[in-house]
Amino acid sequence: PLGEPQWKVPVEIVLGELPEGFFCPALALALVSEKELLGWRPGGLRLRRRKRGWRPLRFEDLKPGDYVVHKDHGIGLYKGLVRLEIGGVPGEFLLVEYAKGDKLYLPVDRLSEIHRYIGPDEKAPKLDRLGGKAFLQRKERVKKAVQEIAQELVALYAARKVARGHAFAPPGLLYQEFEAAFPFQETPDQEAAIQEVLADMQSPRPMDRLLAGDVGYGKTEVALRATMLAVCDGKQVAVLVPTTVLAEQHYRTFTERLGPFGVKVGILSRLRPPAEQKETLKKLASGEIQVVIGTHRLLSTDVRFKDLGLVIIDEEHRFGVKQKERLKELKKTVDVLALSATPIPRTLQMSLLGVRDLSVIETPPSGRLPVKTVLAKMEAEIVKEAIRRELARGGQVFLVYPRVRGLSALARWVKRLVPEARVEMAHGQMPARQLEEVMARFVRREIDVLVCTTIIESGLDIPSANTIIICRADRFGLSEIYQLRGRVGRGRVQAYAYLLVPSLSGLTEEARKRLKALMQFTELGSGFRLALSDLKIRGAGNLLGVSQSGHIAAVGYDLFLEILEKAVREMKGEPIDERPEPEVQLRLPAYFPESYVPDVEQRLHLYRELSLVRDEGELKEFKTALEDRFGEPPPEGRNLLFLTELKLLLRELQILKLEARGQELIFHLGRPSQDYTSGIRKLAQEYKMVRLTQGDRLRVRVQGDLLEEALKVARILLGRKEK
């Protein structure tokens, strides 16, 4: 009816969410949004989760001058990537310097043999002698010491395996209605975490899962789904949080989401009057309250449940020793889901070692922006400008100070600085009612600037607050600042965090490292890398109560954990891959030239990724990603990829070493020669010169390209068809 339009415009496609529809008369177009049509987002749509492995971050970006640990040679100093020609063959090597100026040139295809050194403190470790026995002796001592904690770990693991708990029924109609009422699209990671938690709950073995995800990544929704499944099966749920303010917020969130489905939610905290607490306890015991939110008050002896089935713990590391002991008792009989935004290293590593199950939410919600972080000197002009800028766009401001003493003076100073702002104060020593009232007014946007202590640190969700000013940032711990920074940027507007210090030049070495780490990890999803940095600064602490800092210092944190993981696997009776890493000497240039990948850090990262490839499927993925980013690799790059493929085959064959003399390939066999009889017979049909010599050496004379022929020989030995 409108005919062909007389004008042409470029078309742009934008992915996003449309809260409400519109009518465009010029195009005779009426658009109705999903929410207007249905009232809620249908729960049937599910994003497919991208299949991927998750590796712990064990090899951060190395810089010349960093300490590294070689599995056989010990602690040395990384000096950078260097180009060398050996026998006329160019290559790229990692240069590591040892005691007395000894140098190790490590080929880039053997980067799996090296770790970055992370010690229990900031002391510089002593360099080892290249070729000396001291490091191997230290490594043996660590192996023996690790047996003790491995036994304790396995005892915990075994007890959990044999324990029998409640197997929850699969999700029913009420659960599906609850799921459909979630107003957002789940991220792929969030969807996977929900499925993992529900699968755990439907198993008769008590769940003990850690859900780790960055601040504001939707861990609460996963907890809500678990809660709904438990309630639908007639069980009660206890949600344990570290602070009263967070308890109040969770109470609001859980009531809003669960209330419409007839679920009764209660709260136990010191902000509630004694009479109300008494009533809540009575209803818990009778089963009238199905879900209770509370602080460590929930672990008191007077708290009785009619039928407790699930305990959710937010920021478990914030609880004391007594509370943790009580939680240990609970874990034997009920399902436990722990939530953490910055996993403390022990929790993280226990998870990675298989003693606890781990779910990770790494994907940020759509539309989230990283918080812009500014490190500056504490000056009136900076504070005034930051507050006024936020107020001008209709937002609110947190101003955090490390101590209660001096807080009221700071609040008065801010009032004088920005007279038009409504300024109030909040801290943990205030009367409970007064604190609750202040926080409620801030949530209702009746306060512009909240001058407070770290009481706001955990879990508060106020989307209109998008500027945080942290005074004396040098006095806060790394994970503390990280949590505080997570209080802003929860919506879709750009958020700012100002880290203010008295003097940029007068910072202590430790404070400088903390703040430097925080400035580095501004991107979304950096909680894990931050946990490792926090570990490096604060020390590894105790693993299961056994002080191991001396042993960690001896071999470095990564190698210590590798030894521990192996000991745990042995005691659990799990198979351990003892196949040796083959050494290949074919005198071929195998590296990524600077002309192909110009950035040295990027090359190092690629070499490391390639050295961690463990099967042909992973290698294929690596090749695809490499070509997608950098194009077709040059001959040296192709050689490196073929060399990696060859090493995978040799590892499977348990070949210790492959070398070439002229056109003869010499395989140093790692098993008795009779194990290779069938493959050798097939080789004899393909090649004229095949012989076994003393010392289990298999010699094959070839005609063509050495690398291609080596791949062909390895495939024949394995009984595989040639590609």
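Below is a short write-up of the structure. Model, not experiment: these values are computed from the prediction.

## Digging into the overall build of the protein
For step 1, the next point in the chain: Per the secondary structure count, the protein includes 22 helices and 27 strands.
For step 2, the next point in the chain: With 723 residues in all, the protein has 49% of them scored as buried.

## Thoughts on the packing of aromatic side chains
For step 1, the next point in the chain: Scanning the entire structure with this criterion turns up six aromatic pairs.
For step 2, the next point in the chain: Ring plane angle 80° and centroid distance 5.5 Å describe the contact between Phe178 and Phe261, whose orientation is recorded as edge-to-face. Placement of the pair is Phe178 in helix H3 (residues 173–180) and Phe261 in the loop between helix H6 (244–258) and strand S10 (265–268), with a sequence separation of 83 residues.
For step 3, the next point in the chain: Through a chain of ring-to-ring contacts, three or more aromatic side chains come together here, namely Phe592, Tyr596, Tyr607 and Phe630.
For step 4, the next point in the chain: When the ring centre of Phe178 is taken as reference, the NZ or CZ atom of Arg257 above it lies at 4.2 Å.

## Considerations on the sheet that holds strand S18 (residues 449–452)
For step 1, the next point in the chain: Read from one edge of the open sheet, six strands run S15-S20-S19-S16-S18-S17, paired in parallel fashion. Since the sheet does not close on itself, it has two edges, and those belong to strand S15 (372–377) and strand S17 (423–426), each with one partner. When the angles between neighbouring strand axes are averaged without regard to direction, this sheet yields 20°.
For step 2, the next point in the chain: Two elements, S15 and strand S20 (residues 496–501), share six bridges in a ladder whose sense is parallel. Residue Leu375 lies in a different strand from S20, and its bridge partner there is Leu499.
For step 3, the next point in the chain: Along the sheet face, helix H10 (residues 380–392) touches S15, strand S16 (396–400), S18, strand S19 (465–471) and S20 and points at about 165° away from the line of S19.
For step 4, the next point in the chain: The sheet contacts of helix H11 (residues 407–417) involve S16, S17, S18 and S19, and relative to S17 the element is tilted by about 165°.

## What to know about the state of the cysteines
Here is the idea: a disulfide is a covalent bond, and it sits between the sulfur atoms of two cysteines.
For step 1, the next point in the chain: Tallying each qualifying case throughout the model produces zero disulfides.
For step 2, the next point in the chain: With no disulfide of its own, Cys452 lies closest to Cys471 among cysteine sulfurs, the gap being 9.9 Å.
For step 3, the next point in the chain: Here Cys452 falls in the buried class, since its relative accessible area comes to 0%.

## Observations concerning the sheet that holds strand S8 (residues 208–213)
For step 1, the next point in the chain: One open sheet accounts for seven strands, arranged S10-S11-S9-S12-S13-S8-S14; its pairing is parallel. Where the open sheet ends on each side, the last strands, each with one partner, are S10 and strand S14 (357–361). Averaged over all pairs of adjacent strands, the angle between strand axes in this sheet comes to 20°, irrespective of strand direction.
For step 2, the next point in the chain: Judged from the five bridges that link them, strand S12 (residues 308–314) and strand S13 (residues 335–340) form a sheet pairing that is parallel. Note on S13: the bridge partner recorded for Ile313 is Ala338.

Thresholds applied
Residues numbered from 1 in each chain as written. Predicted model: local features only at pLDDT ≥ 70, side-chain atom pairs only at ≥ 80, totals over all residues. Heavy atoms only, no water. Helix = DSSP H or I, 4+ residues; strand = E, 2+ residues; numbered from the N terminus. Buried < 20%, exposed > 50% of the residue type's maximum accessible area, 1.4 Å probe, protein only. Phe/Tyr/Trp six-rings, centres within 6.5 Å; stacked < 30°, edge-to-face > 60°. Lys NZ or Arg CZ within 6 Å of the ring centre and 35° of its normal. Pairing = 2+ DSSP bridges. Axes fitted to C-alpha atoms, helices over the stretch in contact; angles between N-to-C directions. Contact = heavy atoms within 4.5 Å. Disulfide = S-S within 2.5 Å.

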